[in-house]
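# Inside the fold
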Amino acid sequence: MAPQDTRTMGDDQDLVACLPGTPSQVSRARGLVRDALGRDHPCYDDVVLLTSELATNAILHTRSGDGGSFTVAVRSSDSSVRVVVSDSGSDGPPCVCRTSAHSTSGRGLPLIEALSHRWGFTREDGSTSVWFELLHSHMPAGVAVQARVPRDGRNGCGWPPAPGTGR
């Protein structure tokens, strides 16, 4: 089922959707990211995770989850991806609260703070928009897989070499 009020802005990687404020819509927000970026995009996994966190926050911590709606916008360029989740507002601003190791919630915004290159929020006319940006990392081919093999022939984890590899 396609998201309600889906529209394309600019090129085919800029998508916006207005979704009902129900838990089932978090997966639809992730689907919007998939449609905008494609699974082979270098930032795909992080964008899906962070979008899921913001959509969940919109449903659990704002009036969007009380019969309202929230909007997800995904914009991708050659250098970055920006996602904005706008909700129906709450009594207070978003909080990057530190929780105990045993807490079952409260990790969404700290995760966004840790994984994104930039993030922030605006509060206007009773609604809140939280956004994050991820920059595309371009590494030269082979850099990510190069590893120094210790002189004893063991790999970096201390395990003996795989049979038949000679290393």
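Residues numbered from 1 in each chain as written. Predicted model: local features only at pLDDT ≥ 70, side-chain atom pairs only at ≥ 80, totals over all residues. Heavy atoms only, no water.

## Regarding the overall build of the protein chain
Looking only at helices and strands, the protein chain features three helices and six strands. Tracing the protein chain from N to C terminus, the helices and strands come up as β-β-α-α-β-β-α-β-β. When each of the 167 residues of the protein chain is scored for burial, the buried share is 35%. Across the protein chain, every contact between residues at least 6 apart in sequence was considered, and the portion connecting residues at least 24 apart equals 56%. Carbon and sulfur atoms make up 52% of the accessible area of the protein chain, which totals about 10200 Å². (Helix = DSSP H or I, 4+ residues; strand = E, 2+ residues; numbered from the N terminus. Buried < 20%, exposed > 50% of the residue type's maximum accessible area, 1.4 Å probe, protein only. Contact = heavy atoms within 4.5 Å. Areas by Shrake-Rupley, 256 points an atom, 1.4 Å probe, with all protein chains shown as cover.)

## Some remarks on the packing of helix 1 (residues 25-37) against helix 2 (residues 44-61)
Between helix 1 and helix 2, whose axes approach to 9 Å, the crossing angle comes to 150°. Seen along the crossing, helix 1 lies across helix 2 with a hand that is right-handed. Contacts from V26, A29, R30, V33, R34 and L37 of helix 1 reach helix 2 at Y44, V47, V48, T51, S52, A55, T56 and I59. Tallied by class, residues from the contact of helix 1 with helix 2 come to nine nonpolar, three polar and two charged. (Axes fitted to C-alpha atoms, helices over the stretch in contact; angles between N-to-C directions. Left-handed = near helix turned anticlockwise from the far one by under 90°. Nonpolar A, V, L, I, M, F, W, Y, C, P; charged D, E, K, R; others polar.)

## Some details on helix 2
Taking 1.5 Å per residue, 18 residues should reach 26 Å; helix 2 reaches 25 Å between its end C-alpha atoms and fits that length. Among the residues of helix 2, those classed as buried are Y44, V47, V48, L50, T51, S52, L54, A55, N57, A58 and I59. (Expected span 1.5 Å × (residues − 1).)

## Examining the packing of aromatic side chains
Ring pairs (aromatic) are described by centroid distance and by the angle formed between their planes. This model, assessed by the stated rule, comprises zero aromatic pairs. The lysine or arginine in question, R82, covers the ring of W131, its NZ or CZ lying 4.2 Å from the ring centre. (Phe/Tyr/Trp six-rings, centres within 6.5 Å; stacked < 30°, edge-to-face > 60°. Lys NZ or Arg CZ within 6 Å of the ring centre and 35° of its normal.)

## Remarks on the pattern of salt bridges
Counted by the stated rule, this structure contains four salt bridges. Linking R75 and D14 is a salt bridge whose minimum nitrogen-to-oxygen distance equals 3.2 Å. Taken together, the residues R75 in strand 3 (residues 69-76) and D14 in the loop between strand 1 (7-8) and strand 2 (15-20) connect sequence positions 61 residues apart. The partly exposed category is assigned to R75, whose relative accessible area is 43%. Between R82 and E133 there is a salt bridge, with the nearest N and O atoms lying 2.6 Å from each other. In this pair, R82 is assigned in strand 4 (residues 80-87) and E133 in strand 6 (residues 127-135), connecting sequence segments 51 residues apart. You can call R82 partly exposed: its relative accessible area is 28%. Classification of E133 by relative accessible area gives buried; the value is 13%. (Salt bridge = Lys/Arg side-chain N within 4 Å of Asp/Glu carboxyl O.)

Function cannot be read off these values alone, since they describe shape.
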